[in-house]
Every structure is written in C-alpha cells, then in structure tokens.
Amino acid sequence: YPYEITINPKMSFGTGHHETTYQILSILMDMDCKNKRVMDAGCGTGVLAIMAHLKKAKLVEAFDVDDWCIDNSQENFDLNGCSNCHVQQGTLGQLHFSQPFDIVIANINKNVLLDEIKLYANSLNVGGKLVLSGFYEADIDDLIQKANNYGLTYLSQTTRNNWAAVVLEK
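Before going into details, it helps to say that this report is about the structure given with it. (Residues numbered from 1 in each chain as written. Predicted model: local features only at pLDDT ≥ 70, side-chain atom pairs only at ≥ 80, totals over all residues. Heavy atoms only, no water.)

**With respect to unusual backbone geometry**
Here's step 1: Here Lys56, not a glycine, exhibits a phi torsion of approximately 75°, which is positive.
Here's step 2: Topologically, Lys56 is positioned in the loop between helix H2 (47–54) and strand S2 (59–64). (Helix = DSSP H or I, 4+ residues; strand = E, 2+ residues; numbered from the N terminus.)

As structure tokens, then:
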C-alpha cells in the first residue's frame, strides 16, 4: 500500500472502513494535495486529515463539535507524524481561518451538509474542490442543487452500498 495510517478510533467516527470514509479516502488518493491548504470539517478521528498530510498538503485544519474527537484526532495526528495538521473544537460558523482553502472535506450527514454548504463554498479558493460524503445516493441531487446556489459546480460522484460522495469545484 502506498500509504499507511495508524488510527486509534476510541469513541470517534472514521477508521476508513465505513463506505463514506472509504470513498473520500479513495477520492483523496487521486487528488493532488501537494502544497494545498486543506480543511477537514467534522474530522472525527482525523483519518481524512491524515491522508491529506500523507498526500503532501501544506496545511490541514481539522475541526469537530465533539471534545473527544479533538483529543482523538490530536492523538492520531501524533501517531502519524502530522506536524502540519491542527485541530479545533467548534463548527465552521464559530471558527475563523486566516486564508481560504484549496480543498474542503466534509463527511457529515445530509442535513448538516445542506446547512453549511454556503460556509464551505465561502471557505474555498476559486478553483478549490469540495468533497462531500455522509449521505445516501438518493440525496445526491439535493446536495448538488444546493451547491449550485453558492457557485459550486459538480465534477464527479462515487457510490458504495447506497452511500455517496460528491466532488464539487468553486
């Protein structure tokens, strides 16, 4: 395997085995992250942030609302030597980042994604990629329609056992 990630999941979501996490990891494997600024919204264990690190991202900002996810992500960042990964507690609406991102990853549920898609779009550089998962195949059109309202263009999608992932571009 070209990449090895050590995860101690404890109480957090994201070992890489669930269909949504698996799909985003697969998308990141094919995505150019080198020297990019990456955001991992709803980071859970930090597994997606770690993959961005392994793919040579310049900086990875991760956050989650659950305090145990913050501790767990930091532990997993340390286990994987992710000195360029930072984790905070809160929602995107509560946090402030000094610069926009080249890639935003959000593996959350459909309702949260729909509520926050405007914030994700506003956090992206022009030409930046938004990778979404955490929803079912039947929900793809709802997310794409909402994304179009904020200047995001559909690029691709994947599905696995009725779960979906979508890649959009600003």
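That covers the picture; the talk isn't over yet.
**Details of the pattern of salt bridges**
Two side chains carrying opposite charge are able to pair once their charged atoms lie near each other.
Here's step 1: In the structure shown here, the tally under the stated rule is four salt bridges.
Here's step 2: A salt bridge links Lys36 to Asp32; the shortest N-O distance between them is 3.9 Å.
Here's step 3: When its relative accessible area of 25% is taken as the criterion, Lys36 is described as partly exposed.
Here's step 4: Judged by relative accessible area, Asp32 falls into the partly exposed class, the value being 48%.
Here's step 5: Between Lys110 and Asp139 there is a salt bridge, with its nearest N and O atoms 3.3 Å apart. (Salt bridge = Lys/Arg side-chain N within 4 Å of Asp/Glu carboxyl O. Buried < 20%, exposed > 50% of the residue type's maximum accessible area, 1.4 Å probe, protein only.)

**Overview of the pairing of strand S6 (residues 153–160)**
Here's step 1: Of the pairings in the sheet, the one linking S6 to strand S7 (residues 163–169) comprises seven bridges and is antiparallel in character. What sits directly across from Thr153, in S7, is Glu169.
Here's step 2: In textbook terms, the turn of a hairpin is the stretch between consecutive antiparallel strands, and for S6 and S7 this stretch comprises two residues, one of which, Asn161, has a positive phi near 50°. (Pairing = 2+ DSSP bridges.)

By themselves these figures say nothing about function.
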